[in-house]
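Understanding the architecture of this molecule
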Amino acid sequence: MIELQNISKRFLSNVVLDGVSLAVQDGETVALLGPSGVGKSVTLKMINGLLKPDSGDVIVDGLHVPKLKRHELALLRSRIGYVFQYGALFDSDTVAENIRLGITDEDQHRDVAYCAERVKECLRLVNLAPDVADKYPAELSGGMKKRVGIARAIAGKPKYLLYDEPTSGLDPVNADVIDGLIERLRDELAVTSVVVSHDVRGSFRVADRVALLWQAKIRAVGTAEEILASRDSAVQQFLERDLEMSLIQAEGNQERHGA
Amino acid sequence: MAAVTGALDLVRYFGRWGRRPAQHVLGNAGRFTYLLIDLARGLTEWRVYLPRMFTQATHIGYGSLFIVLLVAGFAGAVTSLQTGYQFTGALPLYYAGAVISESMILELGPVLTALILAGRIGARYAAELGTMRVTEQIDALESLGRSPITHLLLPRIIAGILVIPALTMFANATGILVGYLTAKGSLGLTYADFEYGARYFFRPLDLWYSLIKSYCFAGAVTLIPCYIGYNTQQGAEGVGRATTTAVVSASVTILLLDALTTKLLLGVK
Ligand SMILES: Nc1ncnc2c1ncn2[C@@H]1O[C@H](COP(=O)(O)OP(=O)(O)OP(=O)(O)O)[C@@H](O)[C@H]1O
Ligand SMILES: [Mg+2]
């Protein structure tokens, strides 16, 4: 279980989070929505201890993350996969080595045959060809980097997964593959996940519940139906803006189709 | 009124410059000490850093060899020419052998090599680690439960501490050789004279001294850029700033250490 209890965070005078609370049950997938710059990535980084809250507590797997000693935190992190918004691939290592570093169990990490097998499997799961394994991150497209980042995060078979915009920058087909992967990990392996997203539709598909982060607070939490039916002005504003965006995109697609 | 605001401005001015650098220096000293402790703690995890250390060592070793030897060769040649210019007639020629070999081993070899490598290895370390910091690669490593200390810092630092003294020894040899050849060409110094002079003043301690010096410099060339790169902030501009700061700080530290080791080890009063 992941629990954020009344956390606050500011950078100098910029108050990013102000009393945010959120609980994610075991086996549940929660989508965290919100406009750009609202603090979604910051929230996600609190969960695996990359950032510390100024006040409040973060509890993951029964452990108080901000108070953990370094080796305890490292141990906890090996059970949490983190997909970075911009991939954050190790650019002096090949794709295969990147994914292999994601295998967090030390015995498995040293087992060359197991690693080769696991790398291949993870590449397949994110819909990448096996020959990508020998390339360097600089040789990949943005969408491919993103998917390698996801492959690296799932390589260690984590119990928790934190996705920072896993489908942004992907074409619809691959966005679909990734959404399918998130669903499958939840259904088959009971992974507990938080999916940060801009994309309302995609997150409604993968998430059991959706939370809207708005002006430093969680404005609304609920199932897709509850969110859609909400009369809260911020929620409606956010949904409307998203609807407009997807209409514009649909028009663009049609134009391209017609041409 | 104007005087009061003027005084207030002055107070603010000096307050700012008085407190901030002090805090800055203390903060950095504290964090640097913590880093050293972390590095020492990480030493037990040789399984992680040794393989990476060898890769780094070959990279920086081969990559720096040419420029180091080039600079050492020129230093040897110039020392030789200047010795000739200053000595001719006044002192026996074999003195030139002593001057060339001793100034190479005691000062020019270690210091020039270290300064060159501060620009080559130091800048490289700071830029690499800075880029990894701002592109979240260091965060990514930590998010996998892996330690940046053992995966990134120790391999680089140990590689430098192994490679830099070795390069210094090559530099010493090259400098002396080129110095001798130049002296032979310009002063007509024979090999026998050169060897006689070199041996006459040479103490085995001198080579040790050269080696100890280069280990100290290796520490400066690796630790400072790694520390600065690892703590980079604010994007591409931050990486640029970290790189320049790293090279400048490492170079100044080398010069300070040079003075210090000369005083301590040679017992110059
Ligand atoms: N390390 C940092 N130092 C200073 N300010 C930061 C830092 N990280 C984030 N911020 C600030 O925190 C706020 C939230 O950033 P965050 O990256 O969480 O936004 P986000 O919701 O993920 O946006 P996006 O959807 O665009 O990724 C921003 O105003 C940003 O400037
Ligand atoms: Mg973000």
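Report on the accompanying structure. (Residues numbered from 1 in each chain as written. Chains lettered and ligands numbered in written order. Predicted model: local features only at pLDDT ≥ 70, side-chain atom pairs only at ≥ 80, totals over all residues. Heavy atoms only, no water.)

**As for the overall build of chain B**
The secondary structure content of chain B amounts to 8 helices and 0 strands. Element order for chain B, N to C, with α for helix and β for strand: α-α-α-α-α-α-α-α. Across its three principal axes, chain B shows a C-alpha extent of roughly 70 × 65 × 30 Å. Here chain B, with 269 residues, has 43% of them falling under the buried criterion. The long-range share in chain B, meaning contacts at least 24 apart out of those at least 6 apart in sequence, stands at 85%. Side chains of chain B give 20 positive and 14 negative charges; the mean places of these two sets differ by 4 Å. (Helix = DSSP H or I, 4+ residues; strand = E, 2+ residues; numbered from the N terminus. Buried < 20%, exposed > 50% of the residue type's maximum accessible area, 1.4 Å probe, protein only. Contact = heavy atoms within 4.5 Å. Lys, Arg positive; Asp, Glu negative; His and termini not counted. Charge placed at Lys NZ, Arg CZ, Asp CG, Glu CD.)

**Some points on the site of ligand 1**
Residue and element names in this part refer to chain A. Close to ligand 1 lie 13 residues; Ser36, Gly37, Lys40, Ser41 and Gln85 are nearest. Contact between ligand 1 and glutamine 85: an oxygen atom at 2.7 Å from a side-chain N or O atom of the residue. Starting from 630 Å² of accessible surface for ligand 1 in isolation, the protein chains cover 63%. Residue assignment for the shell around ligand 1 shows that the elements contributing at least two residues are β2 (14–24) and α1 (40–47). Across the shell around ligand 1, the residue classes break down as 4 nonpolar, 7 polar and 2 charged. (Near = heavy atom within 4 Å. Polar contact = N/O pair within 3.5 Å; in protein donor to acceptor, adjacent residues only side chain to side chain. Areas by Shrake-Rupley, 256 points an atom, 1.4 Å probe, with all protein chains shown as cover. Nonpolar A, V, L, I, M, F, W, Y, C, P; charged D, E, K, R; others polar.)

**Description of the side chain of Asp258(B)**
Residues and elements named next belong to chain B. Take aspartate 258: it is sitting in helix α8 (residues 235–266). A distance of 2.7 Å separates the side chain of aspartate 258 from the side chain of lysine 213, its partner in a polar contact. Setting aside its immediate chain neighbours within four residues, aspartate 258 contacts Glu107, Val111, Lys213 and Phe217.

**So, the coordination of the magnesium ion (ligand 2)**
Residue and element names in this part refer to chain A. Looking at the magnesium ion (ligand 2), one finds its protein donor set to be Ser41 (OG) and Gln85 (OE1), positioned 1.9 to 2.2 Å from the metal centre. A residue pair is termed long-range when its members are at least 10 positions apart, and serine 41 in helix α1 and glutamine 85 in the loop between β6 (80–83) and α3 (95–101) qualify at 44 residues. Both residues of the pair, serine 41 and glutamine 85, belong to the buried class. (Donors = N, O, S within 2.8 Å, 3.2 Å for Na, K, Ca; no water.)

**Looking at the environment of Gly188(B)**
Residues and elements named next belong to chain B. Tracing the chain through its elements places glycine 188 in the loop between α5 (148–187) and α6 (191–201). A C-alpha to C-alpha distance of 36 Å links glycine 188 and tyrosine 215, two positions 27 residues apart in sequence. If we ignore the near neighbours within four places in the chain, the residues touching glycine 188 are Leu93 and Ala183.

**Regarding the pattern of salt bridges**
Residue and element names in this part refer to chain A. Inspection of the entire model under this criterion finds 26 salt bridges over all chains. The residue aspartate 61 makes a salt bridge to lysine 159 at a minimum N-O spacing of 2.9 Å. Of the two residues, aspartate 61 sits in the loop between β4 (55–60) and β5 (63–64) while lysine 159 sits in the loop between α6 (142–155) and β7 (160–164), which places them 98 residues apart along the sequence. One network of salt bridges, with partners in common, ties together Asp61, Arg79 and Lys159. (Salt bridge = Lys/Arg side-chain N within 4 Å of Asp/Glu carboxyl O.)

**Topic: unusual backbone geometry**
Glycine aside, negative phi is the norm for most residues, and most peptide bonds take the trans geometry. Residues and elements named next belong to chain A. For aspartate 61, which is not a glycine, the phi torsion comes out positive at approximately 55 degrees. For aspartate 61, a relative accessible area of 25% gives the class partly exposed. Its identity as a non-glycine residue notwithstanding, alanine 190 has a phi of 55 degrees, on the positive side. In this structure, alanine 190 sits in the loop between α7 (172–189) and β8 (192–197). The class of alanine 190 is partly exposed, set by a relative accessible area of 47%.

**Topic: the interface of chain A and chain B**
Taken together, the contact pairs 24 residues of chain A with 17 residues of chain B. Both faces considered, chain A and chain B share a buried interface measuring about 1,600 Å² in area, 50% of it formed by carbon and sulfur atoms. Inspection of the chain A/chain B interface yields 3 salt bridges. Residue Arg146(B) is joined to Glu106(A) by a salt bridge in which the shortest nitrogen-to-oxygen separation is 3.3 Å. Summed over the shared surface of chain A and chain B, the number is 7 residue pairs in polar contact (both at pLDDT 80 or more). Those elements that place two or more of their residues in the side of chain A that touches chain B are α2 (70–77), β6, α3 and α4 (106–110) of chain A. (Buried area = accessible area lost by both parts, 1.4 Å probe.)

**Some words on the packing of α5(B) against helix α7 (residues 204–230) of chain B**
All names here are of chain B. Where α5 contacts α7, the axes come no closer than 8 Å and their chain directions differ by 150 degrees. The two elements α5 and α7 cross, and the hand of that crossing is right-handed. On the side of α5, the interface is formed by Pro148, Leu153, Arg156, Ile157, Gly160, Ile161, Ile164, Pro165, Thr168, Met169 and Asn172, while α7 contributes Leu207, Ser210, Leu211, Ser214, Tyr215, Ala218, Val221, Thr222, Leu223, Cys226 and Tyr230. Classifying every residue of the contact of α5 with α7 by side-chain character gives 15 nonpolar, 6 polar and 1 charged. (Axes fitted to C-alpha atoms, helices over the stretch in contact; angles between N-to-C directions. Left-handed = near helix turned anticlockwise from the far one by under 90°.)

**Let's talk about the packing of α7(B) against α8(B)**
Residues and elements named next belong to chain B. The contact between α7 and α8 brings their axes to 9 Å, and the two run at 155 degrees. Classified by the angle between their axes, α7 and α8 sit roughly antiparallel to one another. Where α7 crosses over α8, the handedness of that crossing is right-handed. Of the residues assigned to the contact of α7 with α8, the class counts are 16 nonpolar, 5 polar and 2 charged. (Parallel < 35°, antiparallel > 145°, perpendicular 65-115°, else oblique.)

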